[in-house]
Amino acid sequence: MLDPQPLKGRTAIVTGSGQNIGEAIVKLFSAAGANVVVNGGSSRDKVDKVVDDIKLSGGNAIGVMADVGDADAVEAMVKQAADTFGTVDIAVSNVSIRKKQPVEDISVEEWQDTINTNLNSAFYLARCVVPLMKQGGWGRIIHISGVDGFAAHVPTRTHNITCKAGVHAFAKALALELGPSGITANTVSPGAIDTTRDWSQYDDPEVWKKARIESIPVKRIGTVDDIANACLYLAGETGGFITGEVIHVNGGQFRF
C-alpha cells in the first residue's frame, strides 16, 4: 500500500508558494506530512492565507516574506526554517517572472532582474540548503522550469527562456555533484496550466484555452495539482533513483 504521508518528518521550502503552482505544491507537501515554509515576495496576505489553510488542515507551516533574488534574504529564510523545524530536506525553486519584450527592447536592468529572480534564486536557495541536506545524508532539490526552456516556443521572452533552460542545466550539475551525498536534483516542466495570470500578455482567456486544448492530446488544460503531484513523486522515496532529469507535465503537447 502507498504511504499516505510519504514526507512525514521532512521539512520543505517552496518559493513563490502564496498562489498558483507554488501554493498547490506546499499544500500537497503538507498533506503528505512535511513541515512547510510558505514563501512570498510581495503579498503577506496571500502567504498568511496559505499558512492558515495548512494549519486548519492540521499541518505545520510558517510564512516567510523574502525576495528570492536577494541572496541574503534567502539565507535568512533558510536559517529561519532550520531554526523552526530543525533542518531543510526539500527545496523547490518555483518563483519566476515572465516579461514579454522584444530582445532589442530589453534593458540591461530588466535582463538582470529576470536572471536574478528566475535563475540566480535557484542557486541562492541550493547553496544554503545543501549543507543541511549533507548533514542529514538526504535531500531533494526541485526546479520548476517550463516549456520555454526546452522548446523556446513563445517569442519575445528571451530572458525567461534563458532562465528556464538554465535551471535545468543547474539541476543536472547538482545531480552529478550531490548524488554521493544522498541528494537528488530534478526539474519539473509545466505545459499549459490553468493559473491566475496577467492576461494583458496573452490572448483572451477563452481563446487561449481553446487554442491550447486543440494542440494537447489529452484535450484539457493542466491544473496546478498536476504539477504538485509530479513534485511530490520526486520529493519522496519514490524519486530516490531519479536525478538530473526533467518531468514534462504538458498533456503530450510537446513530446521531447
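These figures come from a predicted structure and were not determined experimentally. (Residues numbered from 1 in each chain as written. Predicted model: local features only at pLDDT ≥ 70, side-chain atom pairs only at ≥ 80, totals over all residues. Heavy atoms only, no water.)

**Observations regarding empty space enclosed by the protein**
Following the criterion strictly, the structure yields 1 cavity of 30 Å³ or more and no others. Here the largest cavity is characterised by a volume of approximately 50 Å³. Lining the largest cavity are Ser93, Asn94, Val95, Asn118, Ser121, Ala122, Ile144, Lys164 and Val167. At the level of elements, helix H4 (108-136) and helix H6 (158-178) are the ones that each hand at least two residues to the lining of the largest cavity. Per element, the largest residue contribution to the lining of the largest cavity is 3 residues, and it comes from H4. For the lining of the largest cavity, the class distribution of residues is 4 nonpolar, 4 polar and 1 charged. (1 Å grid on protein atoms, 1.4 Å probe; cavity = no way out; pocket = protein on both sides within 12 Å on 5 of 7 lines; lining within 4 Å. Points joined across faces, edges and corners; volume = space filled by probe spheres on them. Helix = DSSP H or I, 4+ residues; strand = E, 2+ residues; numbered from the N terminus. Nonpolar A, V, L, I, M, F, W, Y, C, P; charged D, E, K, R; others polar.)

**Re the pattern of salt bridges**
Summed over all chains, the structure comprises 10 salt bridges. The shortest N-O distance in the salt bridge between Lys27 and Glu23 comes to 2.8 Å. Within this pair, Lys27 and its partner Glu23 are both found in helix H1 (residues 20-31), separated by 4 residues, close to a single helical turn. Its relative accessible area of 22% is what places Glu23 among the partly exposed residues. (Salt bridge = Lys/Arg side-chain N within 4 Å of Asp/Glu carboxyl O. Buried < 20%, exposed > 50% of the residue type's maximum accessible area, 1.4 Å probe, protein only.)

**Looking at the nonpolar core**
Of all hydrophobic cores here, the largest spans 33 residues; its most connected members are Ile25, Phe29 and Val188. For this core, the secondary-structure elements that each account for two or more residues are strand E1 (11-14), H1, strand E2 (35-40), helix H2 (44-56), strand E4 (90-93), strand E5 (139-144) and helix H8 (224-235). By size, the runner-up hydrophobic cluster in this structure holds 31 residues, among which are Val64, Ala126, Ile141 and Leu178. (Core = buried A, V, L, I, M, F, W, Y, C linked by side-chain atoms within 4.5 Å.)

**Quick word on a negative patch on the surface**
On the surface, a cluster of negative charge is contributed by Asp67, Asp70, Asp72 and Glu75. Inspection of the secondary structure assignment puts Asp72 in helix H3 (residues 71-85). Since its relative accessible area comes to 59%, Asp72 is described here as exposed. (Patch = residues over 30% accessible without salt bridge, like charges linked within 9 Å, V, L, I, M, F, W, Y side chains within 5 Å. Areas by Shrake-Rupley, 256 points an atom, 1.4 Å probe, with all protein chains shown as cover. Lys, Arg positive; Asp, Glu negative; His and termini not counted. Charge placed at Lys NZ, Arg CZ, Asp CG, Glu CD.)

**Regarding unusual backbone geometry**
Notably, Ala152 is not glycine yet its phi reads approximately 45°, a positive angle. Structurally, Ala152 is set in the loop between helix H5 (148-151) and H6. Positive phi is not limited to glycine here, since Thr156 has a value of about 65°. With relative accessibility at 29%, the residue Thr156 sits in the partly exposed group.

**Concerning the side chain of Ser145**
Position of Ser145 relative to the elements: it lies in the loop between E5 and H5. You can call Ser145 buried: its relative accessible area is 4%. For Ser145, the contacting residues outside a window of four places in its chain are Phe150, Lys164, Val167, Thr187, Val188, Ser189 and Pro190. (Contact = heavy atoms within 4.5 Å.)

**Quick notes on the environment of Ala32**
Its location among the elements puts Ala32 in the loop between H1 and E2. Given the relative accessible area of 4%, Ala32 is considered buried. Along the primary structure Ala32 and Ser189 are separated by 157 residues, whereas in three dimensions their C-alpha atoms are 22 Å apart.

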